[in-house]
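Okay, here's what each chain looks like letter by letter:
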Amino acid sequence: GQQVMQIPQYQHVQEGEDFTTYCNSSTTLSNIQWYKQRPGGHPVFLIQLVKSGEVKKQKRLTFQFGEAKKNSSLHITATQTTDVGTYFCAGLETSGSRLTFGEGTQLTVNP
Amino acid sequence: GAGVSQSPRYKVAKRGQDVALRCDPISGHVSLFWYQQALGQGPEFLTYFQNEAQLDKSGLPSDRFFAERPEGSVSTLKIQRTQQEDSAVYLCASSLVRGEQYFGPGTRLTVT
């Protein structure tokens, strides 16, 4: 079945440093979605990428979808303490509606 | 309500008991999903409904797990004869189409 791998598992940064998490799927995806989960909270949708090579920005966050639609990345510029949480990528299979989540990258930001 | 709601928020069950977890999706959302999230892991797909039809139940870990959505709105996930390995957070999510999913707060199930 479809597998989605995400690295790194943990990332500790000083406030102001940049952060990147990478996501790789074993199969070609219809789209990829990114979610953020704060400690004790539930996943909250951040963005969806659909097109091959697509790049989207949300303030300090930059999301990329690979040309082969099998990998993606999330980059945060100049992290803030409010960025703390676990970031999950989730791949939507080309047929059906099943989302497969990666294991997430847990980000901690030291002030 | 404005978002997805789930009840109960916490459930402690003795091994062997049956439990029922409820999900109220966002009004008008056709699609409803159930996920199981173990500590430190990503949500794992359990099952998917489009209106009242259960289109994919391939993620249900055993025949002790059963889900329904009889009127295409509220859904219930039932676990029979709970086992310790069933301890996890059960998340419900709803969406309009094959797009962003809105998650509820989850039910934390502890089997003792």
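Scroll up for the structure.
Our subject in this report is the structure included herewith.

## Quick look at the packing of aromatic side chains
Summed over all chains, the structure comprises 13 aromatic pairs over all chains. Following the ring pairs from residue to residue traces out a cluster consisting of Tyr35(A), Phe45(A), Phe88(A), Phe101(A), Phe33(B), Tyr35(B), Phe45(B), Tyr48(B) and Phe103(B).

## A look at the sheet that holds strand S3 (residues 19-25) of chain A
Two strands in a sheet stick together by hydrogen bonds in their backbones, pointing the same way (parallel) or opposite ways (antiparallel). Residues and elements named next belong to chain A. Across the sheet, which stays open at both edges, the five strands sit in the order S1-S3-S8-S7-S6 with antiparallel pairing between neighbours. Pairing within the sheet leaves two strands with one partner each, and these edge strands are strand S1 (4-7) and strand S6 (55-58). In this sheet, adjacent strand axes meet at a mean angle of 15 degrees when their direction is disregarded. Two elements, S6 and strand S7 (residues 61-65), share four bridges in a ladder whose sense is antiparallel. Looking across to S7, one finds that Lys-56 is bridged to Phe-63.

## Notes on the interface of chain B and chain A
Taken together, the contact between chain B and chain A spans 20 residues of the former and 21 residues of the latter. Carbon and sulfur atoms make up 49% of the area that chain B and chain A hide from each other, which totals about 1600 Å². Put simply, chain B and chain A have zero salt bridges between them. Elements with a contribution of two residues or more to the side of chain B that touches chain A: strand S4 (31-37) and strand S5 (44-50) of chain B. Sort the elements by how many residues they give to the side of chain B that touches chain A and S4(B) lands first, with three residues. Across the side of chain B that touches chain A, the residue classes break down as eight nonpolar, nine polar and three charged.

## A short note on the nonpolar core
Counting 20 residues, the largest nonpolar core has Trp34(B), Leu77(B), Tyr90(B) and Leu109(B) as the members making the most contacts within it. With residues near it in sequence (within four places) discarded, Tyr90(B) still touches Gln6(B), Leu21(B), Tyr35(B), Gln36(B), Leu46(B), Phe65(B), Leu77(B), Ile79(B), Gly106(B), Thr107(B) and Leu109(B). Ranked by size, the runner-up nonpolar core spans 19 residues in total, among them Cys23(A), Trp34(A), Leu61(A) and Phe65(A).

## Examining the side chain of Arg64(B)
Considering the arrangement of structural elements, one finds Arg64(B) in the loop between strand S6 (53-56) and strand S7 (65-68). Given the relative accessible area of 11%, Arg64(B) is considered buried.

So, how was this worked out
Residues numbered from 1 in each chain as written. Chains lettered and ligands numbered in written order. Predicted model: local features only at pLDDT ≥ 70, side-chain atom pairs only at ≥ 80, totals over all residues. Heavy atoms only, no water. Phe/Tyr/Trp six-rings, centres within 6.5 Å; stacked < 30°, edge-to-face > 60°. Pairing = 2+ DSSP bridges. Helix = DSSP H or I, 4+ residues; strand = E, 2+ residues; numbered from the N terminus. Axes fitted to C-alpha atoms, helices over the stretch in contact; angles between N-to-C directions. Contact = heavy atoms within 4.5 Å. Buried area = accessible area lost by both parts, 1.4 Å probe. Salt bridge = Lys/Arg side-chain N within 4 Å of Asp/Glu carboxyl O. Nonpolar A, V, L, I, M, F, W, Y, C, P; charged D, E, K, R; others polar. Core = buried A, V, L, I, M, F, W, Y, C linked by side-chain atoms within 4.5 Å. Buried < 20%, exposed > 50% of the residue type's maximum accessible area, 1.4 Å probe, protein only.

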